[in-house]
Every structure is written in C-alpha cells, then in structure tokens.
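Structural overview
Take a look at the letters that make up each chain.
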Amino acid sequence: MKAVCVYCGSSNGAKPLYRDAAKAFGRALVAANLSLVYGGGKVGLMGVIADEVMAAGGRAIGVIPELLVDKEVGHDGLSELHVVPDMHHRKKMMANLSDAFVALPGGAGTLEELFEVYTWAQLGYHHKAVAVLNIDGFYDPLISLLGHTVQEGFMRQAYFDILQIDTDPAALIAKLQRYQPPVADKWADRRERV
Ligand code: AMP
C-alpha cells in the first residue's frame, strides 16, 4: 500500500475530539509511510488532516473540482493539488490514486463517497479495503443499520465484513494492510440459484 484515500467532513464537527482524530489519523498515515489522498480543501476536517500530514513530513495529494476551489478553499500547501472538471472526475481520480479508503466523521458528502467505494467493492469493481474510523462511536448508527440490512436479507454477511472498523488510527491502518477481499462477487449465489 502506498496511498490511502480519506473522506471526511468539510466541517469540524461539534466536538474538538473530531479534529484530534483527524490529526491522529494523519500522523498514523505518515508513520506508516502512506500518502494521503483527499478532496483538496482547507475547510473542516479535510484541512485539519492535510495540514497535519504536511506538518509531519508526509505527502498529501488533493483532488478538487473547479467549482469547489473557492468554496472548499483549495489547499495551496500540498505535495500535489489536482484541479479537475467535476465531482465525477474527482471521485475517479481519488479512487485511482489510492490503495484503500477510509471515512472519518463527516456529513452527507462523506457518506456518499464512502458508499460509492463500498458498493464498488461489493460489485467487484475494485478489491481495495474500505473502512471507517469509528471515533467516539460516531459510526455506530451506520454500523447498526448495515447489520440490520444483513438481518433483513438485503446484504450478505461477507459484504458487511468488507467494511473495516476500528477506533484507533494505527490499528485501522494495520487492518487495511491485512485486508483480503471476498472471493465471490455479490452475484455469485444468485447465479448458483438460477
Ligand atoms: P461533507 O461530509 O458533506 O462535509 O462533505 C465532505 C466532502 O465530500 C466535501 O469535499 C464535498 O465536496 C464532498 N462531496 C459532497 N458531495 C459529493 C459527491 N456527490 N461526490 C463527491 N464528493 C462529494
């Protein structure tokens, strides 16, 4: 693994511990000799993690659409900043540059990005790890909803298990490094039944 894509809030969140977690995850990436790939902004937890990675002597690569350069304040102190035409180019480039995906706390944008790569893993479009840093139980409601989708027969346990979860940055990075994708794709059991 060379680079980890981090999705996180363009806001700081209600508690200082979210900023602390973004900093800790940034330092853990640098300690593991991994580059940060992220949305390229200076605002919210996005800016916090990028600043921490750069301050710790690491490598931060931003990918930002033209329209958001002003709104999310394109970061001018990164190792690389790619300005792309739109959101679709952003997400594709972030995915191509990364060997794993991690969501820190965030809002709808963070969840959308997380679910896109999670569902791509389920469909077999990529075989990279997808994870959440579950700081202060932030992702407990989401994990419980996903468990409910398994219980109610809408998702296989193997696809629930794709999602790597930890409260500790270094432990989560270790899980990314050990990750083995499921052997069968989402449609295997359906093909067997037809
Ligand atoms: P949020 O979690 O809503 O603060 O958003 C975090 C990041 O997700 C910001 O950089 C947003 O620009 C980005 N974002 C929001 N919606 C999308 C989307 N549909 N595709 C890709 N990125 C998005």
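In this text, all values refer to a predicted model and were calculated from it rather than measured experimentally. (Residues numbered from 1 in each chain as written. Predicted model: local features only at pLDDT ≥ 70, side-chain atom pairs only at ≥ 80, totals over all residues. Heavy atoms only, no water.)

What follows deals with the overall build of the protein. Counting its secondary structure elements, the protein contains 9 helices and 7 strands. Computed over its C-alpha atoms, the radius of gyration of the protein comes to 16 Å, within 12% of the 16 Å expected for a compact globule of 194 residues. Dimensions along the principal axes, computed over C-alpha positions, put the protein at roughly 55 × 35 × 30 Å. Taking all contacts inside the protein whose residues are at least 6 apart in sequence as the whole, residues at least 24 apart take part in 70%. Carbon together with sulfur atoms contributes 54% to the accessible area of the protein, which is approximately 9,600 Å² in total. (Helix = DSSP H or I, 4+ residues; strand = E, 2+ residues; numbered from the N terminus. Rg over C-alpha atoms; globule rule 2.2 N^0.38 Å. Contact = heavy atoms within 4.5 Å. Areas by Shrake-Rupley, 256 points an atom, 1.4 Å probe, with all protein chains shown as cover.)

So, about the site of the ligand. In the neighbourhood of the ligand, 16 residues make up the surrounding shell, with S10, E72, G107, G109 and T110 lying closest. Between the ligand and S10 there is a distance of 2.6 Å, counted from an oxygen atom to a side-chain nitrogen or oxygen. In this structure, E72 approaches the ligand through a side-chain N or O atom, which is 2.5 Å from an oxygen atom. Its free accessible area being 490 Å², the ligand has 80% of it covered by the protein chains. Those elements that place two or more of their residues in the shell around the ligand are helix 4 (87–97) and helix 5 (108–123). Per-element tally for the shell around the ligand: the top contributor is helix 5, with 5 residues. Taken together, the residues of the shell around the ligand break down into 5 nonpolar, 6 polar and 5 charged. (Near = heavy atom within 4 Å. Polar contact = N/O pair within 3.5 Å; in protein donor to acceptor, adjacent residues only side chain to side chain. Nonpolar A, V, L, I, M, F, W, Y, C, P; charged D, E, K, R; others polar.)

Tallying each qualifying case throughout the model produces 8 salt bridges. For D136, the salt bridge identified is with K15, shortest N-O distance 3.0 Å. In this pair, D136 sits in the loop between strand 6 (129–133) and helix 6 (140–151) while K15 sits in the loop between strand 1 (3–7) and helix 1 (16–31), placing the two residues 121 residues apart along the sequence. Two residues, E72 and R90, come together in a salt bridge whose shortest N-O distance is 2.9 Å. Within this pair, whereas E72 is found in the loop between helix 3 (68–71) and strand 4 (80–84), its partner R90 is found in helix 4, the two being separated by 18 residues in sequence. With a relative accessible area of 14%, E72 lands in the buried category. Ionic contacts of the salt-bridge type, sharing partners, join the residues K91, E112 and E116 into one network. (Salt bridge = Lys/Arg side-chain N within 4 Å of Asp/Glu carboxyl O. Buried < 20%, exposed > 50% of the residue type's maximum accessible area, 1.4 Å probe, protein only.)

On to the nonpolar core, then. Counting 59 residues, the largest nonpolar core has V6, F25, L36, I49 and L104 as its most contacted members. When residues in this core are grouped by element, the largest group, 7 residues, is from helix 1. Excluding residues within four positions of it along the chain, F25 makes contact with V6, I49, V102, L104, L133, P169, L172 and I173. (Core = buried A, V, L, I, M, F, W, Y, C linked by side-chain atoms within 4.5 Å.)

Further remarks concern the packing of helix 1 against helix 8 (residues 169–178). The description of two packed helices rests on the angle between their axes and on the distance between the axes. Where helix 1 contacts helix 8, the axes come no closer than 9 Å and their chain directions differ by 50°. With respect to helix 8, the element helix 1 is oriented oblique. Remark: the crossing between helix 1 and helix 8 carries right-handed chirality. Two secondary-structure elements touch here, helix 1 through A24, F25, A28 and L29 and helix 8 through P169, A170, L172 and I173. Each residue belonging to the contact of helix 1 with helix 8 can be placed in one class, and the counts come to 8 nonpolar, no polar and no charged. (Axes fitted to C-alpha atoms, helices over the stretch in contact; angles between N-to-C directions. Parallel < 35°, antiparallel > 145°, perpendicular 65-115°, else oblique. Left-handed = near helix turned anticlockwise from the far one by under 90°.)

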